[in-house]
Amino acid sequence: MKLHEYEAKNIFKECGIPVPESFLVSKEDDLTNIDLNKDVVLKAQVLVGGRGKAGGILFASNKEEFIKKAEELFNKEIKGEKVEKILVEEKLPIEKEYYVSIIVDRDAKKPLIIFSTEGGVDIEEVAEKNPEKIIKYHVDIKKPFLPYIARWIVKEAKLPSNEIGKVADIIYKLYKIFKELDATMVEINPLIITKNGDVYAADAVIHLDDDAAFKHNYEGFEEYKNKEKLPFAYVELDGDIAVIGNGAGLTLASMDVINNLGRKPACFLDIGGGAEAETVKLALKKVLENKNVKGIFINILGGITRCDEVAKGIVDVLKEHPNIKFAVRMMGTNEEIGRKILEEHGIPYETSMEEAGRKLIEQL
Ligand code: GDP
Ligand code: MN
């Protein structure tokens, strides 16, 4: 789950990471009531990267300009995402822009802290052109994360001595947030030094681990509240053949079958291992919500998933949707019972996935 910038900055504030003064406005708010007498930055609260470049960051220096820019943002889509909220911040006099992030390095199996004095731009670009400007530190999670580690990082980056303490303190607190919230990534880009030498997190990104949600109370966060909780992995795509499989590998292979037949998948839907009839029913209903779907390709290799359970789910849903075109390929645990259930309801099945795919496309 991704947090909005204003949500991430609220967390920063609570933890003592300095953020610019700000207030939040929503689309339905009456902006004429807002008094404004300083330069501000209007920041669209969308969950896409590269907002600035996509026109999601605007500036205003008086009330009229502020209302005009806010309306402009509310009427805009940033990389396809509608703007519902705008974070209005005091505009700070930026002297320097730094970069800091913490991610999970899956290869090293450790958190990785990345710091660079080249902030404000894409870090990928810095990595390519000035790799020596990037400092990386793998955290040993078996040892306490002590302040000297953060100081070591900023000293490596050769920060001037008057900045070392303040920037190191932010890195130290950022790691605390990363660890305590079970984040998969936290980022401040840019971390700014103002003309007066003050340090602020001018932007804030926090991605939380959905699988750790049970350990936390995430209810307050917008994306969490709006998220549909599905008991399977579902990714909507732009084709017209819904692909349902069990296991990510088999589902991906099923998508290949559809692609090889010259058609495009409408989704990737992995019902996972051991799915029962109820999950299969929910999965079919989910794909049928997408009005582009012309046919459904169901590919099940029974292991802990039982073919009879899958068949029961299919039968239930197809009773309600007699006109939908589909193909079933089913093998493995309780295959015979599963097939019998399908046969009793006149539902054809295949043992070869290529064959099942071909038969489906032929019907369309
Ligand atoms: P992003 O494009 O989604 O990463 O949005 P950011 O919040 O990082 O803002 C993009 C850019 O806008 C920053 O790199 C700054 O150059 C500029 N910006 C943001 N806030 C301020 C501010 O308070 N003062 C000034 N001068 N520029 C700002
Ligand atoms: Mn940014």
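Structure's up top.
These lines cover the structure that appears in this document, whether it is placed above or below. (Residues numbered from 1 in each chain as written. Chains lettered and ligands numbered in written order. Predicted model: local features only at pLDDT ≥ 70, side-chain atom pairs only at ≥ 80, totals over all residues. Heavy atoms only, no water.)

## Here's the deal with the overall build of the protein
From N to C terminus, the protein includes 11 helices and 18 strands. The principal-axis extent of the C-alpha atoms belonging to the protein is close to 80 × 55 × 40 Å. Here the protein holds 364 residues, and the buried ones make up 49% of them. Across the protein, the fraction of contacts at a sequence separation of at least 24, relative to all contacts at a separation of at least 6, is 67%. Taking the average location of the 53 positive side-chain charges in the protein and that of its 64 negative ones, the two points are 2 Å from each other. (Helix = DSSP H or I, 4+ residues; strand = E, 2+ residues; numbered from the N terminus. Buried < 20%, exposed > 50% of the residue type's maximum accessible area, 1.4 Å probe, protein only. Contact = heavy atoms within 4.5 Å. Lys, Arg positive; Asp, Glu negative; His and termini not counted. Charge placed at Lys NZ, Arg CZ, Asp CG, Glu CD.)

## Some points on the packing of helix H9 (residues 307-320) against helix H10 (residues 335-344)
Following both chains from N to C, one finds H9 and H10 inclined at 15°, their axes separated by 7 Å at the closest point. Classed by the angle they form, the pair H9 and H10 counts as roughly parallel. Two packed elements cross with a definite hand, and for H9 against H10 that hand is right-handed. Between H9 and H10, the contacting residues are Cys307, Asp308, Ala311, Lys312, Ile314 and Val315 on the first element and Glu335, Ile337, Gly338, Ile341 and Leu342 on the second. A breakdown of the residues in the contact of H9 with H10 according to their chemical character gives 7 nonpolar, 1 polar and 3 charged. (Axes fitted to C-alpha atoms, helices over the stretch in contact; angles between N-to-C directions. Parallel < 35°, antiparallel > 145°, perpendicular 65-115°, else oblique. Left-handed = near helix turned anticlockwise from the far one by under 90°. Nonpolar A, V, L, I, M, F, W, Y, C, P; charged D, E, K, R; others polar.)

## Structural notes on the site of ligand 1
Close contacts around ligand 1 come from 17 residues, with Lys43, Arg51, Gly52, Leu92 and Asn189 the closest. Leu92 places a main-chain nitrogen or oxygen 3.0 Å from an oxygen atom of ligand 1. Asn189 is positioned such that a nitrogen or oxygen atom in its backbone is 3.0 Å from an oxygen atom of ligand 1. Relative to its unbound accessible surface of 560 Å², ligand 1 loses 80% to contact with the protein. Structurally, ligand 1 is housed in the largest pocket. Those elements that provide at least two residues to the shell around ligand 1 are strand E2 (40-44), strand E3 (57-60), strand E7 (94-105) and strand E10 (183-194). Among the residues forming the shell around ligand 1, the class breakdown is 7 nonpolar, 4 polar and 6 charged. (Near = heavy atom within 4 Å. Polar contact = N/O pair within 3.5 Å; in protein donor to acceptor, adjacent residues only side chain to side chain. Areas by Shrake-Rupley, 256 points an atom, 1.4 Å probe, with all protein chains shown as cover. 1 Å grid on protein atoms, 1.4 Å probe; cavity = no way out; pocket = protein on both sides within 12 Å on 5 of 7 lines; lining within 4 Å. Sits in = over half its atoms within 2 Å of the grid points.)

## Comments concerning unusual backbone geometry
Here the amide bond leading from Asn189 into Pro190 is cis, since omega sits at 10°, within 30 degrees of zero. In the Ramachandran plot, Lys79 falls in the positive-phi region, its phi being about 45° despite a non-glycine side chain. Within the secondary structure, Lys79 is located in the loop between strand E4 (77-78) and strand E5 (81-82). Positive phi, normally seen in glycine, also occurs at Asp182, with a value near 55°. Among the structural elements, Asp182 can be located in the loop between helix H5 (161-180) and E10.

## Regarding the coordination of the manganese ion (ligand 2)
Within the first shell, the manganese ion (ligand 2) binds the protein through Asn189 (O) and Asp203 (OD), at distances of 2.2 Å. Taken as a pair, Asn189 in strand E10 and Asp203 in the loop between strand E11 (199-201) and strand E12 (205-208) lie far apart in primary sequence, 14 residues in all. In this pair, the class of Asn189 matches that of Asp203, namely buried. (Donors = N, O, S within 2.8 Å, 3.2 Å for Na, K, Ca; no water.)

## Regarding the packing of aromatic side chains
Per the counting criterion, the structure on display carries 8 aromatic pairs. Each ring, one from Tyr137 and one from Trp152, has its centre 5.6 Å from the other, and the planes form 55°; the classification is tilted. Taken together, the positions of Tyr137 in strand E9 (residues 134-138) and Trp152 in helix H4 (residues 147-156) put the pair 15 residues apart, joining distant regions of the chain. The class for Trp152 is partly exposed, based on a relative accessible area of 38%. Three or more aromatic residues link up through ring pairs in this structure, and these residues are Phe145, Tyr172, Tyr175 and Phe178. Above the face of the Phe59 ring, Lys91 is positioned so that its terminal group lies 4.8 Å from the ring centre. Positioned over the ring face of Tyr224 is Lys229, at 4.4 Å from the centre of the ring. (Phe/Tyr/Trp six-rings, centres within 6.5 Å; stacked < 30°, edge-to-face > 60°. Lys NZ or Arg CZ within 6 Å of the ring centre and 35° of its normal.)

## Some details on the layout of surface pockets
Roughly 1,300 Å³ of volume is contained in the largest pocket. If you go around the largest pocket, you meet 50 residues; those closest to its centre are Gly50, Glu187, Asn189, Pro190 and Asp203. Listing elements by their share of the lining of the largest pocket, those giving two or more residues are E2, E3, strand E6 (85-90), E7, helix H3 (123-129), E9, E10 and E12. Along the lines of polarity and charge, the residues of the lining of the largest pocket split into 26 nonpolar, 9 polar and 15 charged. Both of domain 1 (21-90) and domain 2 (94-226) provide at least three residues apiece to the lining of the largest pocket. In this structure, the second largest pocket occupies an estimated 420 Å³ of space. Lining the second largest pocket are Met1, Asp210, Asp211, Ala213, Tyr218, Tyr224, Lys227, Glu228, Lys229, Leu230, Phe232 and Ala233. Considered class by class, the residues forming the lining of the second largest pocket number 7 nonpolar, no polar and 5 charged. (Points joined across faces, edges and corners; volume = space filled by probe spheres on them. Domains from an automatic or database assignment.)

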